Amino acid sequence: MRTADLELAARCRAGDADAFEELYRQHARRLYGLVLRMVGSPEEAEDLLQEVFLQAYRKLAGFRGESALGTWLYRLAMNLCLDHLRGRRAKMSRATESLDHEDAAEPVAPAPVVPPAISRMDLERAIEKLPAGSRAAFLLHDVEGFEHREIAEILGVTEGTSKSQVHKARMKLRTLLSR
Amino acid sequence: MNCHIYDEVLGDYIDGMRNLEFERHLAACARCQAVVADFARIRGAASTLEEPIPPPRVWARVAAAIDEKPKRAFAWVPMAVAASLALLVAGATWLAWREAPPAAPQIAQQIAVPADEAAVPADAHYDDAIAGLQQLADAQDAALDPSTRDVLQKNLEVVDRAITESRAALATEPANTVAQESLLDALDTKVALLQDTVDLGTAKELNQ
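Values in this document were obtained by computation on a predicted structure and should not be read as measured data. (Residues numbered from 1 in each chain as written. Chains lettered and ligands numbered in written order. Predicted model: local features only at pLDDT ≥ 70, side-chain atom pairs only at ≥ 80, totals over all residues. Heavy atoms only, no water.)

1. Examining the overall build of chain B
Inference 1: Counting its regular elements, chain B contains 8 helices and 0 strands.
Inference 2: Counting only contacts in chain B whose residues sit at least 6 apart along the sequence, the fraction spanning at least 24 positions is 68%.
Inference 3: For chain B, the exposed surface amounts to about 12400 Å²; the carbon and sulfur share of it is 61%. (Helix = DSSP H or I, 4+ residues; strand = E, 2+ residues; numbered from the N terminus. Contact = heavy atoms within 4.5 Å. Areas by Shrake-Rupley, 256 points an atom, 1.4 Å probe, with all protein chains shown as cover.)

See below:
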């Protein structure tokens, strides 16, 4: 456990406004990237990022340093994103009965071959098409660089599930990018 | 060839973990070689994705929402004071009823007289407390944000007006229980406001 995290959390809990701003400056940028890629809309991402930090402000009293402060914030962010997406999906389901389930089997190309150079734009578009669970695991692992042990903690799943979700995401991206 | 048994180790292999059994399989399996190459490309591209910057308005909104919290709590102080005063008054009235002789004129006298007498020492007691707190609050005043200071100042002006009006009413009608309650309510609110000023100033100084 990083002592700096505990000290910063303690300063925030004591009502030090500068400390809370420091916490925001340290983590907001990475969290915003993650949240934006999870929900796809800049407006919704801004609202969710705001909510992440308001929740953090309210819940800092409960931060005991079992995980790094960054991991703790990612967990708050991911819970909010997944709740948000579930709510959005429920609305969509009510509106359109015939939507396919996100986990429906994707037709697999016989031998997908990803082009040697993947454009960032193509990759961003392909990531948007991933189911929420594997998108979360993929973003945390391949974009943010977390280990499966940390992803398991953030998403509240086992390491095996994290590995399996990242694998599924890569397989689907492989198919999407080779089209 | 059943390559799927290697799905999990394939991921580990991309992440840099060695697995001799898988490596032997990989050397002979074109399908797994293609998957490994594609996964490596995907992972490489993912690690170069740009980090979008959150607009400054997000922090502005977070900071405003956090600043708002103490003000919202602060707005409840007079109501809480009023509620506790109402309880005190109700309790005093009940005690007066319980201890009073049965005759109606005597009851009225019992309630009116102690209230009238009690108002003076209580009033003086509050004045002492307020004078002490006012000194502390004046000393902390410079440490407060201008916007917080303005809000506190306006609230104090409102309370001071209520104190002046209640005292004017009691000057003409000393037994007026409504005016007595209003005065005690206003004095209590002033104590709470000054206490808040001192607390906020102290917290601000500690943070500097």
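2. Some remarks on the packing of helix 6 (residues 132–143) of chain A against helix 8 (residues 159–177) of chain A
Residue and element names in this part refer to chain A.
Inference 1: Where helix 6 meets helix 8, the closest approach of the two axes is 8 Å, and the angle between their N-to-C directions is 95 degrees. It follows that helix 6 is roughly perpendicular to helix 8 by the angle criterion. Across from Gly133, Ser134, Ala137, Phe138, His141 and Asp142 in helix 6, the residues of helix 8 making contact are Ser162, Gln165, Val166, Lys168, Ala169, Arg170 and Leu173.
Inference 2: Within the contact of helix 6 with helix 8, the residues separate by chemical class into 5 nonpolar, 5 polar and 3 charged. (Axes fitted to C-alpha atoms, helices over the stretch in contact; angles between N-to-C directions. Parallel < 35°, antiparallel > 145°, perpendicular 65-115°, else oblique. Nonpolar A, V, L, I, M, F, W, Y, C, P; charged D, E, K, R; others polar.)

3. What about the confidence of the model for chain A?
Residue and element names in this part refer to chain A.
Inference 1: When pLDDT is averaged along chain A, the result is 87, and 87% of the positions lie at 70 or above.
Inference 2: Taken element by element, the predicted model of chain A shows its lowest mean pLDDT in helix 1 (residues 3–13) (85) and its highest in helix 6 (96).
Inference 3: Across residues 97–109 the pLDDT falls below 50, and counting only partners more than four positions away or on other chains, this stretch makes 12 contacts in the model. (pLDDT = per-residue confidence, 0-100.)

4. Side note on the interface of chain A and chain B
Inference 1: If you look at the interface, chain A gives 44 residues, while chain B gives 34 residues.
Inference 2: With both sides pooled, the region where chain A packs onto chain B buries about 3600 Å², and carbon together with sulfur makes up 61% of that total.
Inference 3: It is Arg29(A), Glu46(A) and Arg170(A) in chain A that bury the most area against chain B; as a group they hold 18% of the surface buried on that side.
Inference 4: Arg120(A) is paired through a salt bridge with Glu50(B); the nearest N and O atoms lie 3.0 Å apart.
Inference 5: Taken together, chain A and chain B are joined by 13 residue pairs in polar contact (both at pLDDT 80 or more).
Inference 6: Secondary structure elements with two or more residues in the side of chain A that touches chain B: helix 2 (17–39), helix 3 (42–59), helix 5 (120–128), helix 6 and helix 8 of chain A.
Inference 7: With 12 residues, the single largest contributor to the side of chain A that touches chain B is helix 2 of chain A. (Buried area = accessible area lost by both parts, 1.4 Å probe. Salt bridge = Lys/Arg side-chain N within 4 Å of Asp/Glu carboxyl O. Polar contact = N/O pair within 3.5 Å; in protein donor to acceptor, adjacent residues only side chain to side chain.)

5. Let's talk about helix 8 of chain A
Each turn of an α-helix holds 3.6 residues, which means side chains three or four residues apart point in the same direction.
Inference 1: With 19 residues, helix 8 of chain A should reach 27 Å at 1.5 Å per residue; the first-to-last C-alpha distance of 27 Å fits that figure.
Inference 2: Burial in helix 8 of chain A covers these residues: Ser162(A), Lys163(A), Val166(A), His167(A), Ala169(A), Arg170(A), Lys172(A), Leu173(A), Arg174(A), Thr175(A), Leu176(A) and Leu177(A).
Inference 3: Residues of helix 8 of chain A that are buried make contact with helix 5, helix 6 and helix 7 (148–155) of chain A together with helix 1 (7–14) and helix 3 (30–46) of chain B. (Expected span 1.5 Å × (residues − 1). Buried < 20%, exposed > 50% of the residue type's maximum accessible area, 1.4 Å probe, protein only.)

6. Brief notes about the confidence of the model for chain B
Residues and elements named next belong to chain B.
Inference 1: The share of residues in chain B with pLDDT of 70 or more is 60%, and the mean pLDDT across the chain is 70.
Inference 2: Mean pLDDT values over the elements of chain B span from 43, in helix 5 (residues 77–99), up to 92, in helix 3.
Inference 3: Contacts for the low-pLDDT stretch residues 70–120, under 50 throughout, to residues beyond four places or in other chains number 31 contacts.
Inference 4: Scoring of the predicted complex yields 0.60 for pTM and 0.84 for ipTM.

7. Comments concerning empty space enclosed by the protein
Inference 1: Counted by the stated rule, this structure contains 1 cavity of 30 Å³ or more.
Inference 2: Lining the largest cavity are His148(A), Lys163(A), Val166(A), His167(A), Arg170(A), Asp7(B), Glu8(B), Gly11(B) and Asp12(B).
Inference 3: Across the lining of the largest cavity, the residue classes tally to 1 nonpolar, 3 polar and 5 charged. (1 Å grid on protein atoms, 1.4 Å probe; cavity = no way out; pocket = protein on both sides within 12 Å on 5 of 7 lines; lining within 4 Å. Points joined across faces, edges and corners; volume = space filled by probe spheres on them.)

8. Some words on the pattern of salt bridges
Once their charged atoms are close, side chains differing in charge can pair, the charge on each being opposite to the other.
Inference 1: Taken as a whole, this structure holds 25 salt bridges over all chains when the rule is applied.
Inference 2: In this structure, the salt-bridge partner of Lys163(A) is Asp12(B), at a minimum N-O distance of 3.3 Å. Taken as a pair, Lys163(A) in helix 8 and Asp12(B) in helix 1 lie in two separate chains rather than in one. Neither residue differs from the other here; Lys163(A) and Asp12(B) are each classed as buried.
Inference 3: For Glu23(B), the salt bridge identified is with Arg18(B), shortest N-O distance 2.6 Å.
Inference 4: For Glu23(B), a relative accessible area of 18% corresponds to the buried category.
Inference 5: Under the relative-accessibility criterion, Arg18(B) is labelled exposed at 65%.

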